[in-house]
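Notes for the structure review
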Amino acid sequence: MALARVVPSLVGVSVLVFLIVHAIPGDPAVIAAGLEATPDTVEQIRRNLGLDRPLPEQFVTFVSRALQGELGTSIRTGSPVMEEIISKFPFTAILALCSVLVAALVGVVAGVVAAVRHNGWVDHLVMSTTLLAVSTPGYWLGLMLMLTFSVWLGLLPAIGASTPLHFVLPVLTLGLQSAGEVARMTRATLLDVLGEEYLRAARARGVSWRRVLWRHALANTLVPITTILGLRFGGLLAGTVLVESVFAIPGMGRMMVEAVVARDFPMIQGGVLVVATLYVVVNAATDALAMVVNPRLRT
Amino acid sequence: MSVRGLLPCALALTLAVAAGCGGGSQREGGATRDTLIFAAPADATTLDPHNTTDTESDQVIGMVFEGLLGFDDQMKIVGRLAETWSVAPDGVTWTFNLRKGVAFHDGTPFTAEAVRATFARVLDPAQKHKRLPLFVMLDRVEVVDDYTVRFVTKYQFGAFEPTIAHISSAILNPAVANRFGLGFGRSAEATSGTGPYRVVSWKKDQEIVLERVEGHWRGTPPTRRLIYRPIPEGASRVLALEAGDVDVISRVPPPELKRLEAAEGIQLLKTVSIGAQQFRFNVTKKPLNDARVRQAISHAIDRRAIVDQLVTGFATPSTGALTPIMRGYANLGEIPRDLDKARALLREAGYPNGFPLKIATTPRYPMGVELAEAVASQLKPIGITASIQVFDWATMVQFWAGLPPEKNPQEMFIMGAGASTADADWGLRPIFRTAPTNENNYGYYSNAEFDRVIEAAMRETDEARRLALYKRAQEIVYLEDPGAVWLFDNFYIVAARAGVEGVSPSPLGVVTFERAVVH
């Protein structure tokens, strides 16, 4: 059933990407040849890239190759697109996964604390901090974290991706923003649930407050939280574009930006296809997870 | 609520995560360092001297390769792989006596055959190397004996020496070039020259690691390892430098210059450069086809104000069509703002009330959008109402090089000029000469006298006559029949940690590291 939705999404995405890439102004052959090249050189490059063929033919070639896992050769770097993606993807995956973890951990804890101390000063502190986190541009937050922890405190490396320590600041940049959203969602859901009759009934039966909170109330917040984390994961894949540029991490986001700047058609198409596939798969997985945590969703 | 509220939480979190991630490596410390880390905005695209047109690639190529001739930091031509050289009375035959005892990085001895093979490669029209247009004046390159090589040009060519000193004339190791063909320079193994550093590894978009060549003929460089690290964001480059993650950075964002100049532990290294910022005219568009209109625009611009307010300390107002460090530069003086003169010129041309004008720009150039805004506002008093269009680089390139002139909608457009031979020929000829393929003449400039003068200058090998011709050419294109509004000449500025010595920026926009010492 999930597969039935995945396939049309991916077909749609590949058609869209192909059309967009060819509709935006800018000719990859001209850019690849450089400003000082002769028209002859440009023509030669265009032929080599197959860009002189009619559009429908180019599309058929692209799709039939993609189906065989063959995404072509990058115009900018001259290496196979698949190879480029395989070398860049781990960085982005680590970033996105760690950020989701940070978001879940920090977000849920902050949300629960705020809900329990509803209207207390802790609640106000959490609410204003999360508002700040959600509305802070990632670019700026990243630079501020770098300024604080690398320049002033000298605790962490500012840029690069060679050791686990290098990932702390980028993960915080991405994770804290999502944490804000998760915290607010957790708090709101929990407050709703805490007002429910069955919890008061449970308390009346003598179940401890702690057990009511962690066992009964929190279980009901899991569905919205998993959903929001699944959605955030897509957002995080997009957010890595900025963070990878700021922290000079050689991931997919930066690769895609550079591909777009150079109008590197095969790279843009291949990259978007991979990210889209991932996004669709993660969403399908989130749906499945939601069914696990909430039996009512099972049909 | 301020940032202060967020920081303690962030700090606690950082420590938690850092602990969770487990033992990362300690940051480097110690008194002496054998490694220098240089951060630039982009990775090299290739290390093939025949296929590069970007400064980032040139930067690395310049450390790994050498040509027969080269430029020192004052742009004087010096012998590198050639010890002596001379031109025959015919003006087209150049003989180079090569340095003996030089080897490529894999140990292959450097001989005349390598020179012949290198130029045969770039001149082979079938291979379509990007730098072929630079060498169209070359007829052939012949081996005389192992250490003598002869170049014959198709005609007397005044800019021959600067062309041979250009980075794209670097000599490749023919064995490696043959093995990798067009893949030469795409990876560490596929790169081999005679320069003071050799490529050890290249992780794309992460780092290029270079190691010094022990006993290099110019002397063993003091610093053993040099790491080239791309950091795309200007602000991040600056912070990485301040945090001590890197030792030297290029392309300092202009708004940061003032702060860094005063910052403790940071030094700014500055040189005049070959780079100038201009707005070029598309002379096929009405009313820009009228030279008086272009003169009026040029006189309406307040270059001083632009330099003082937008690029303080970063540039000086233009004084000619080339920058003073370039061979063939003529000082024609700053064009002062003179609104009365500008209005009179417009009246004469039949536009007493001005006209609407489109200005195209791209943020690819530092302050590109701000510069267009400044120009637009300065044109207002003479009745020209300019609208600004901002494009990304690919779209700009498409307008210039990918469309026939009649389809190019641009009227006035931003352009950074900088001829990488630092010579008037390459700085003027491809840009303003009437040409069927328009080379780099994206404003479709055409002036019969300019064409005549520039052709004559190109074929002139007598230095005094050559300079006189270039002076005339610049009078035409800068004053009489302007091809562009020249705004300012850029300084080339790099920032370094205070403990770094012996690093010098070159006017070509690259940094020389072979004498660098890191304390």
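Because the structure is predicted, anything quoted here is derived from the model rather than measured.

1. Considerations on the overall build of chain A
In terms of regular secondary structure, chain A is built from twelve helices and zero strands. Traced from its N-terminal end to its C-terminal end, chain A shows the element sequence α-α-α-α-α-α-α-α-α-α-α-α. In terms of principal-axis extent, the alpha carbons of chain A reach across some 85 × 55 × 30 Å. Burial statistics for chain A: of 299 residues in total, 50% are counted as buried. For chain A, restricting intrachain contacts to residue pairs at least 6 apart in sequence, the fraction spanning at least 24 positions comes to 72%. When the 21 basic and 18 acidic side-chain charges of chain A are each reduced to a single mean position, those positions are 17 Å apart.

2. Side note on the overall build of chain B
Scanning chain B from terminus to terminus reveals 15 helices and 21 strands. Whereas a compact globule of 519 residues would reach a radius of gyration of roughly 24 Å, chain B reaches 25 Å, a difference of no more than 12%. On the principal axes, the C-alpha backbone points of chain B span a range of 80 × 70 × 35 Å. By residue count, 58% of the 519 residues in chain B fall in the buried class. Accessible surface, chain B as shown: approximately 19700 Å² in total, 51% of it carbon and sulfur. Placing the 56 positive and 59 negative side-chain charges of chain B at their respective mean positions leaves the two points 2 Å apart.

3. What to know about the interface of chain B and chain A
Contact residues are listed per partner, giving 51 residues for chain B and 57 residues for chain A. Buried area between chain B and chain A, both sides added, is near 4800 Å², and the carbon and sulfur share of it is 68%. Between the two partners, chain B and chain A, sit two salt bridges. Arginine 263 of chain A serves as the salt-bridge partner of aspartate 392 of chain B, at 3.0 Å between the closest nitrogen and oxygen. If you list the elements that add at least two residues to the side of chain B that touches chain A, you get helix 1 (3-21), strand 10 (225-230), helix 6 (234-242) and helix 12 (393-401) of chain B. Here the residues of the side of chain B that touches chain A are counted per class, giving 26 nonpolar, twelve polar and 13 charged.

4. Some details on the pairing of strand 8 (residues 197-203) of chain B
Residues and elements named next belong to chain B. Sheet analysis places strand 8 next to strand 9 (residues 207-212), joined by six bridges and oriented antiparallel. Each residue of the ladder has a partner; that of tyrosine 197, found in strand 9, is arginine 212. Taking the residues that link successive antiparallel strands as the turn, the strand 8-strand 9 hairpin has three residues, and the phi of aspartate 205 there is positive, at about 65°.

5. Observations concerning helix 9 (residues 303-310) of chain B
Because each turn of an α-helix spans 3.6 residues, side chains separated by three or four positions end up pointing in the same direction. All names here are of chain B. Considered for burial, the residues of helix 9 that qualify are Arg303, Ala305, Ile306 and Val307. Here the buried face of helix 9 lies against helix 8 (291-300), strand 13 (315-317), helix 11 (368-379) and strand 17 (484-497). Put simply, aspartate 302 is the residue that caps the front of helix 9, since its side-chain oxygen is 3.4 Å from the backbone nitrogen of arginine 304.

6. Topic: the sheet that holds strand 5 (residues 93-98) of chain B
Residue and element names in this part refer to chain B. Across the sheet, which stays open at both edges, the four strands sit in the order 4-5-7-6 with antiparallel pairing between neighbours. Each edge of the open sheet carries a strand with a single partner, namely strand 4 (82-87) and strand 6 (138-145). Geometrically, the sheet is characterised by an average inter-axis angle of 20° between neighbouring strands, direction not taken into account. Sheet topology note: the strand 5/strand 7 (residues 148-153) ladder contains five bridges and is antiparallel. Within the sheet, the bridge partner assigned to asparagine 97 lies in strand 7 and is threonine 148. Strands in contact with helix 3 (residues 112-123) are strand 5, strand 6 and strand 7; relative to strand 6, the strand with the most contacts, it is inclined by about 165°.

7. A short note on the side chain of threonine 395 of chain B
Of note, threonine 395 of chain B is situated in helix 12. Exposure remark for threonine 395 of chain B: the relative accessible area of 6% places this residue in the buried category. Here the side chain of threonine 395 of chain B touches arginine 263 of chain A through a polar contact of 3.3 Å, side chain to side chain.

8. Section: the packing of aromatic side chains
Residue and element names in this part refer to chain B. For the structure on display, the rule yields 26 aromatic pairs over all chains. For the pair tyrosine 155 and phenylalanine 157, a centre-to-centre distance of 6.4 Å together with 75° between the ring planes defines the contact as edge-to-face. For the residue pair tyrosine 155 and phenylalanine 157, the accessibility class agrees, reading buried in each case. Ring plane angle 85° and centroid distance 6.3 Å describe the contact between phenylalanine 432 and phenylalanine 450, whose orientation is recorded as edge-to-face. Remark: phenylalanine 450 occurs in helix 14 (residues 448-458) and phenylalanine 432 occurs in helix 13 (residues 424-432); sequence separation between them is 18 residues. For the pair shown, phenylalanine 432 and phenylalanine 450 are each scored as buried. Chaining the aromatic ring pairs together yields one cluster made of Trp94, Phe96, Phe119, Phe135, Phe151 and Phe160. In this structure, lysine 270 packs its charged tip against the face of phenylalanine 491, placed 4.7 Å from the ring centre. The ring centre of tyrosine 155 lies 4.3 Å from the NZ or CZ of arginine 459, which sits over that ring.

9. Observations concerning the nonpolar core
Residue and element names in this part refer to chain B. Membership of the largest hydrophobic core comes to 169 residues, with the highest contact counts inside it found for Leu68, Phe96, Phe151, Ile297 and Leu428. With sequence-adjacent residues up to four places away left out, phenylalanine 96 is seen in contact with Leu68, Leu69, Ala82, Thr84, Trp85, Tyr147, Thr148, Val149, Phe151, Phe160 and Ile164. In terms of nonpolar packing, the next biggest core, distinct from the first, is built from 34 residues, Phe65, Tyr197, Tyr228 and Val518 among them.

10. A look at the pattern of salt bridges
Residues and elements named next belong to chain B. For the coordinates displayed, the defined rule picks out 42 salt bridges over all chains. Glutamate 142 is the partner of arginine 150 in a salt bridge, and the nearest nitrogen-oxygen pair spans 3.0 Å. Using a relative accessible area of 23% as the deciding quantity, one classes glutamate 142 as partly exposed. Across the salt bridge formed by arginine 212 and glutamate 214, the nearest N and O atoms sit 2.9 Å from each other.

11. Looking at unusual backbone geometry
Residue proline 287 of chain B is reached from lysine 286 of chain B by a cis peptide bond, and omega for that bond is -5°. Here proline 287 of chain B shows up in the loop between strand 12 (266-281) and helix 8. Positive phi is not limited to glycine here, since alanine 248 of chain A has a value of about 50°. Along the chain, alanine 248 of chain A turns up in the loop between helix 10 (209-246) and helix 11 (252-261).

12. Quick notes on the environment of valine 15 of chain A
All names here are of chain A. For valine 15, the position within the fold is in helix 1 (residues 2-23). According to the relative accessible area criterion, valine 15 is partly exposed, its value standing at 31%. Remark: the alpha-carbon pair of valine 15 and valine 30, spanning 15 residues in sequence, is separated by 24 Å.

13. Overview of the pairing of strand 7 of chain B
All names here are of chain B. With five of six residues buried, strand 7 is to be regarded as a mostly interior element. Here six bridges tie strand 6 to strand 7, and the two strands are oriented antiparallel to one another. Across the sheet, residue leucine 138 finds its bridge partner in strand 7, namely threonine 153. Between strand 6 and strand 7, which pair antiparallel in sequence order, lie two residues.

14. Here's the deal with the packing of helix 7 (residues 138-152) of chain A against helix 8 (residues 168-194) of chain A
If you want to describe how two helices pack, look at the angle between their axes and the distance between the axes. Residue and element names in this part refer to chain A. Here helix 7 crosses helix 8 at 135°, and the two axes come no closer than 9 Å. What the angle tells us is that helix 7 and helix 8 run oblique. For the pair helix 7 and helix 8, the crossing hand works out as right-handed. On helix 8, the residues that touch Gly138, Leu141, Gly142, Leu145, Met146, Phe149 and Ser150 of helix 7 are Leu169, Leu172, Thr173 and Gln177.

Rules behind the numbers
Residues numbered from 1 in each chain as written. Chains lettered and ligands numbered in written order. Predicted model: local features only at pLDDT ≥ 70, side-chain atom pairs only at ≥ 80, totals over all residues. Heavy atoms only, no water. Helix = DSSP H or I, 4+ residues; strand = E, 2+ residues; numbered from the N terminus. Buried < 20%, exposed > 50% of the residue type's maximum accessible area, 1.4 Å probe, protein only. Contact = heavy atoms within 4.5 Å. Lys, Arg positive; Asp, Glu negative; His and termini not counted. Charge placed at Lys NZ, Arg CZ, Asp CG, Glu CD. Rg over C-alpha atoms; globule rule 2.2 N^0.38 Å. Areas by Shrake-Rupley, 256 points an atom, 1.4 Å probe, with all protein chains shown as cover. Buried area = accessible area lost by both parts, 1.4 Å probe. Salt bridge = Lys/Arg side-chain N within 4 Å of Asp/Glu carboxyl O. Nonpolar A, V, L, I, M, F, W, Y, C, P; charged D, E, K, R; others polar. Pairing = 2+ DSSP bridges. Polar contact = N/O pair within 3.5 Å; in protein donor to acceptor, adjacent residues only side chain to side chain. Axes fitted to C-alpha atoms, helices over the stretch in contact; angles between N-to-C directions. Phe/Tyr/Trp six-rings, centres within 6.5 Å; stacked < 30°, edge-to-face > 60°. Lys NZ or Arg CZ within 6 Å of the ring centre and 35° of its normal. Core = buried A, V, L, I, M, F, W, Y, C linked by side-chain atoms within 4.5 Å. Parallel < 35°, antiparallel > 145°, perpendicular 65-115°, else oblique. Left-handed = near helix turned anticlockwise from the far one by under 90°.

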